[in-house]
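# Architecture and fold: a report
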Amino acid sequence: MIQGFLDKLLGSDDKPKAGAPKNIKHGRDQISELLTRYQQQDHLLTAVIMDNERRRLTKYHTGVVMVDGERQRFTTDEFQPEVSAETLQPGIIVQFSLTHNGVRHQFQSHYQMQDTSGDHPGHQFEFPKGIEQVQLRDAFRVKLSQAHPIKVTLSHPENPPLTGTLADLSATGLRLRINGMPKLRPVRGEIYSSCHLVLSDGQPVVCGARLMHWEHDPQLRVSFLGLQFEELDGNTQRALNRYLTTLQRKQRSLT
């Protein structure tokens, strides 16, 4: 019961169920490749400081800004909320996690020191011994055909709205395809006050959304934004689950 409470408090109540497929990457090149991917796709990382193998209650957010494969270390930008030097000391273990395409990536790294070599201060960590990837329950993604695109509109409390088409969809979020590069560079972790789309069966989906990662593909001249639904009401969630189940069945019947 206590662990369940802590998981909800720390935002990890999307834990994979027992027996869920998992994969652990141990190779240095594999770890470097994954960390570089987090950097290139501007992933929002959740960081939890460990204290004698127990997670502290405060949850931080950050992102990878530099990967040094030769020295086997990586650098994140400042934690949000700000963490004190007394809390983040050399040798302490930090647990990182993120979700991408319905798969949870998680790893632990030893903190080395504050990095002030770049334009903005950050934190330097040793490479983890391994990065675990676990398929999350209810987070399987379904790709959507661009032949009959579904329009998605994002509203921001300060910036102009963004409009694109649905690239793929899950019960917890979506990936948005936008032509070109957004006029204002997206910021990982920012909240959009409204995410609006109408599914092909006529079901409207209206909720908030948090930007979890994004990338620009210069060859395709498109940008992709990975968004997590926020404050999705129960009726819409059930309708979304039914819609996804129907799509999965149709796609399986065609293979």
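As a reminder, the structure under discussion sits directly above these lines.
Quick summary incoming for the structure in this document. (Residues numbered from 1 in each chain as written. Predicted model: local features only at pLDDT ≥ 70, side-chain atom pairs only at ≥ 80, totals over all residues. Heavy atoms only, no water.)

## Some thoughts on the state of the cysteines
Taken as a whole, this structure holds 0 disulfides when the rule is applied. Unpaired in terms of disulfides, Cys195 finds its nearest cysteine sulfur in Cys207, a separation of 5.0 Å. Classification of Cys195 by relative accessible area gives buried; the value is 0%. (Disulfide = S-S within 2.5 Å. Buried < 20%, exposed > 50% of the residue type's maximum accessible area, 1.4 Å probe, protein only.)

## Focus on the nonpolar core
Among the nonpolar cores identified, the biggest contains 29 residues, and Leu169, Leu174, Cys195, Leu197 and Leu225 are the most heavily contacted of them. Secondary structure elements with two or more residues in this core: β12 (151-155), β13 (162-169), β14 (173-179), β15 (191-198), β16 (204-217), β17 (222-230) and α3 (234-253). With 5 residues, the single largest contributor to this core is β16. Not counting residues up to four positions away in its chain, the partners in contact with Leu225 are Leu154, Leu162, Leu174, Arg175, Leu176, Ile178, Tyr192, Leu211, His213 and Trp214. Counting 23 residues, the second largest nonpolar core, distinct from the first, contains Leu45, Ala47, Ile49 and Leu88. (Core = buried A, V, L, I, M, F, W, Y, C linked by side-chain atoms within 4.5 Å. Helix = DSSP H or I, 4+ residues; strand = E, 2+ residues; numbered from the N terminus. Contact = heavy atoms within 4.5 Å.)

## A few points about unusual backbone geometry
Of note, the bond from Gln80 into Pro81 is cis; its omega dihedral lies within 30 degrees of zero at -5 degrees. Following the sequence through the fold, Pro81 ends up in the loop between β6 (73-77) and β7 (93-100). For Asp42, which is not glycine, the phi dihedral falls at a positive 50 degrees. Examined against the element boundaries, Asp42 turns out to sit in the loop between α2 (28-40) and β2 (45-51). Take Asp42: its relative accessible area is 14%, and that puts it in the buried class.

## Some points on α2
The end-to-end C-alpha separation of α2 is 18 Å, in line with the 18 Å expected for 13 residues at 1.5 Å each. Among the residues of α2, Ile31, Ser32, Leu34, Leu35 and Tyr38 are the ones counted as buried. Relative to the axis of α2, the buried residues are bounded by an arc of 165 degrees and lie together on one face. Across from the buried face of α2, at angles greater than 90 degrees, the exposed residues are Asp29 and Gln40. On the buried face of α2, the contacting elements are β1 (22-25), β5 (64-68), β6, β7, β8 (103-115) and β10 (131-135). Positive phi shows up at Asp42, right after α2, with a value of about 50 degrees. (Expected span 1.5 Å × (residues − 1). Arc of directions from axis to C-beta.)

## What to know about the packing of aromatic side chains
A full pass over the atoms with the stated rule returns 9 aromatic pairs. Both rings, one in Phe79 and one in Phe125, keep their centres 6.4 Å apart while their planes meet at 5 degrees; by these two values the pair is stacked. Note that Phe79 is positioned in the loop between β6 and β7 and Phe125 in strand β9 (residues 122-126), a separation of 46 residues in sequence. A relative accessible area of 0% places Phe79 in the buried class. The structure contains a cluster of three or more aromatic residues connected by ring pairs, namely Tyr38, Tyr60, Phe74, Phe79, Phe96, Phe107, Tyr111 and Phe125. Its guanidinium or amino end placed over the ring of Phe224, Arg175 lies 4.5 Å from that ring's centre, counting from NZ or CZ. (Phe/Tyr/Trp six-rings, centres within 6.5 Å; stacked < 30°, edge-to-face > 60°. Lys NZ or Arg CZ within 6 Å of the ring centre and 35° of its normal.)

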